[in-house]
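A closer look at the structure
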Amino acid sequence: MENQEDLAKLLTAEMGKPLAEARGEIVYGAGFVEWFSEEARRIYGDTIPSPASNKRLVTIKQPVGVAGMITPWNFPNAMITRKASAAIAAGCSVVIKPSEDTPYSALALCELGSQAGIPPGVLNIITSSREKTPSVGKLLCEHPLVSKISFTGSTAVGKILLKQSAASVKRVSMELGGNAAFIVFDSANVDAAVAGAMASKFRCSGQTCVCSNRILVQEGIHDRFTDTFKNAVAKLKVGDGFEDGVTQGPLINSSAVEKVESHVCDAVSKGAVVVTGGKRLGDKTNFFQPTILTGVKQDMVCAKEETFGPLAPIMKFKTEDEAVAIANSTSSGLAGYFFSGDTSQIWRIAERLQVGMVGINEGILSSVEAPFGGVKESGIGREGSKYGIDEYLQIKYLCFGGI
């Protein structure tokens, strides 16, 4: 943590998130280092009651071997520490291919690891150009000395890596794309729901895999929620991440901006209404106005695809069953959120949502101590928590005879 400020400034310079958010990511990332250093002492085996009096049955856990890791640009510090800390604690060496957009954060972590005493060859970084990234990923997936692949990124790329890893039957963990629904029921506290939506939707300028991508609001509370939400969004400040008071930095590149623009244009062409925002700031910048749309329908692209930007599409619904059907009508299943004041409803919805993580009256899910991961096409395996280290361990059964 003594390097927090330098790492945060490097992160903001690389990918643009506001410096306050970057400082928070460094704290979050350091938490995984501490957590898994402690979990290394808790890699327990088992003794199994034997059916034969002359045998003793035992299991032990051993490292899977070299772990190849491909990490994203939106959390270039924390996604590395979440993966690498677990693997190293399990006894694996790691080879990390960071995003071509954010190589310096990865290199800085590697240098700090060396200074902290990690032996040479345990923590390794491979940087590459955008053009060579596919070939590097393919090599990691197909190389016989790599036993494990861990990837955070898009579902489309994850499927490619899965196919490439299949030939050698590698262990894989995948944290892939999301299309999170954020449901607000009539019984919800509107102010709390708006605060949750702001935190969930606009963190990192909407560029996180667990960002609310579809905001579903029950008809009895719809107008009040929308007005309160609009007022909250108006307080956001877009600009250079190094400037005081800025809450929204740029998107990662021009392609990301064009995607948000296309989602807005598609929705408006099909009847959606722009409540606020809706445009790029300047002709050639990567800044996009925080945007709210109402009148959004399921046939609009923003309701079907992950936007990965500061676009909040609001959909009105009537019944609980309708909300659940809309929320689950996607191949993704990473995260979901809902706000309700009805205890029975809370249990029903939490169990019915087809996602790996649920925020209940809460807009921020991530915690070092909690398992992170999805279902359906949003991934395989879990990161963080007591379960994260198991992704880098294999169970060996020992049978002692002649006792």
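Look up a bit, the structure's there.
Now for a description of the structure that goes with this document. (Residues numbered from 1 in each chain as written. Predicted model: local features only at pLDDT ≥ 70, side-chain atom pairs only at ≥ 80, totals over all residues. Heavy atoms only, no water.)

What about the side chain of T12?
Locating T12 in the fold gives a position in helix α1 (residues 4-15). For T12, a relative accessible area of 4% gives the class buried. For T12, the side chain forms a polar contact with the main-chain oxygen of K17, separated by 3.0 Å. Contact partners of T12, with chain neighbours within four places excluded, come to K17, P18, L19, A22, G241 and F242. (Helix = DSSP H or I, 4+ residues; strand = E, 2+ residues; numbered from the N terminus. Buried < 20%, exposed > 50% of the residue type's maximum accessible area, 1.4 Å probe, protein only. Polar contact = N/O pair within 3.5 Å; in protein donor to acceptor, adjacent residues only side chain to side chain. Contact = heavy atoms within 4.5 Å.)

Some words on the state of the cysteines
Inspection of the entire model under this criterion finds 0 disulfides. Just so you know, C302 is unpaired, no disulfide at all, and the nearest cysteine sulfur is the one on C265, 11 Å from it. A residue is classified by how much of its surface remains accessible, and C302, at 0% relative accessible area, is buried. (Disulfide = S-S within 2.5 Å.)

Re the sheet that holds strand β3 (residues 66-70)
Taken together, 6 strands build an open sheet; the order of strands is β5-β4-β3-β6-β7-β15 and the sheet is mixed. If you trace the sheet from one side to the other, it starts and ends with β5 (123-125) and β15 (379-380), each paired once. Relative to strand β7 (residues 171-175), strand β6 (residues 146-152) runs parallel, the two being bridged by 5 bridges. Bridging across to β7, K148 finds its partner in R171. (Pairing = 2+ DSSP bridges.)

Section: the sheet that holds strand β2 (residues 56-63)
Strand pairing in a sheet is mediated by backbone hydrogen bonds. Such pairs are either parallel or antiparallel. Judged by pairing direction, the sheet is antiparallel, and its 3 strands sit side by side in the order β1-β2-β16 without closing on themselves. Two strands close off the open sheet at either side, each with one partner strand: β1 (46-48) and β16 (393-400). Put simply, the sheet's adjacent strands are angled 25° from each other on average, direction ignored. Here β1 pairs with β2 via 3 bridges, running antiparallel. Across the sheet, D46 pairs through a bridge with T59, a residue of β2. (Axes fitted to C-alpha atoms, helices over the stretch in contact; angles between N-to-C directions.)

Section: the nonpolar core
Core analysis: the biggest nonpolar cluster contains 40 residues, and I183, F185, L216, V296, F338 and L353 have the highest contact counts within it. Elements that contribute at least two residues to this core include exactly α1, α2 (19-39), β8 (180-184), α9 (254-269), α10 (301-304), β12 (311-317), α11 (320-328) and α12 (343-352). Setting aside residues up to four positions removed in sequence, L216 forms contacts with A181, F182, I183, V184, M315, F317, A323, I326 and A327. Of all hydrophobic cores here, the second largest spans 29 residues; its members include F225, V233, A312 and M357. (Core = buried A, V, L, I, M, F, W, Y, C linked by side-chain atoms within 4.5 Å.)

A look at the side chain of K148
By the element assignment, K148 lies in strand β6. Engagement of the side chain of K148 in a polar contact is seen with the side chain of S173, the distance being 3.0 Å. A polar atom in the side chain of K148 sits 3.3 Å from the backbone oxygen of E391. When sequence neighbours within four positions are dropped, the list of residues in contact with K148 reads V64, V66, A67, G68, R171, V172, S173, E391 and Y392.

A short note on α12
Along α12, the residues that are buried comprise Q345, I346 and I349. Buried residues of α12, seen end-on, are gathered within an arc of 105° and therefore sit on one face of the element. Of the exposed residues in α12, the ones pointing more than 90 degrees away from its buried face are T343, W347 and E351. Those residues of α12 that are buried are in contact with α11, β13 (335-339) and β14 (357-360). Looking at where α12 begins, the residue whose side-chain oxygen comes 3.0 Å from the main-chain nitrogen of S344 is D342. (Arc of directions from axis to C-beta.)

Section: unusual backbone geometry
Its identity as a non-glycine residue notwithstanding, S205 has a phi of 55°, on the positive side. Here S205 lies in the loop between α7 (190-202) and β9 (212-218). A relative accessible area of 3% places S205 in the buried class. For F308, which is not glycine, the phi dihedral falls at a positive 60°. Within the element layout of this structure, F308 appears in the loop between α10 and β12. On the basis of relative accessibility, which here comes to 21%, the residue F308 falls in the partly exposed class.

Section: the environment of C204
Here C204 is to be found in the loop between α7 and β9. Under the relative-accessibility criterion, C204 is labelled buried at 2%. Along the chain, C204 and P250 lie 46 residues apart, while their C-alpha atoms are 9.0 Å from each other.

Brief notes about the pairing of β7
Counting buried positions along β7 gives 4 out of 5 residues, so the element sits mostly inside the fold. Of the crossover connections in this fold, the one passing from β6 over helix α6 (residues 155-166) to the parallel β7 is right-handed. Relative to β15, β7 runs antiparallel, the two sharing 2 bridges. The residue of β15 that forms the bridge with E175 is G379. (Right-handed = clockwise from strand over helix to strand, strands pointing away.)

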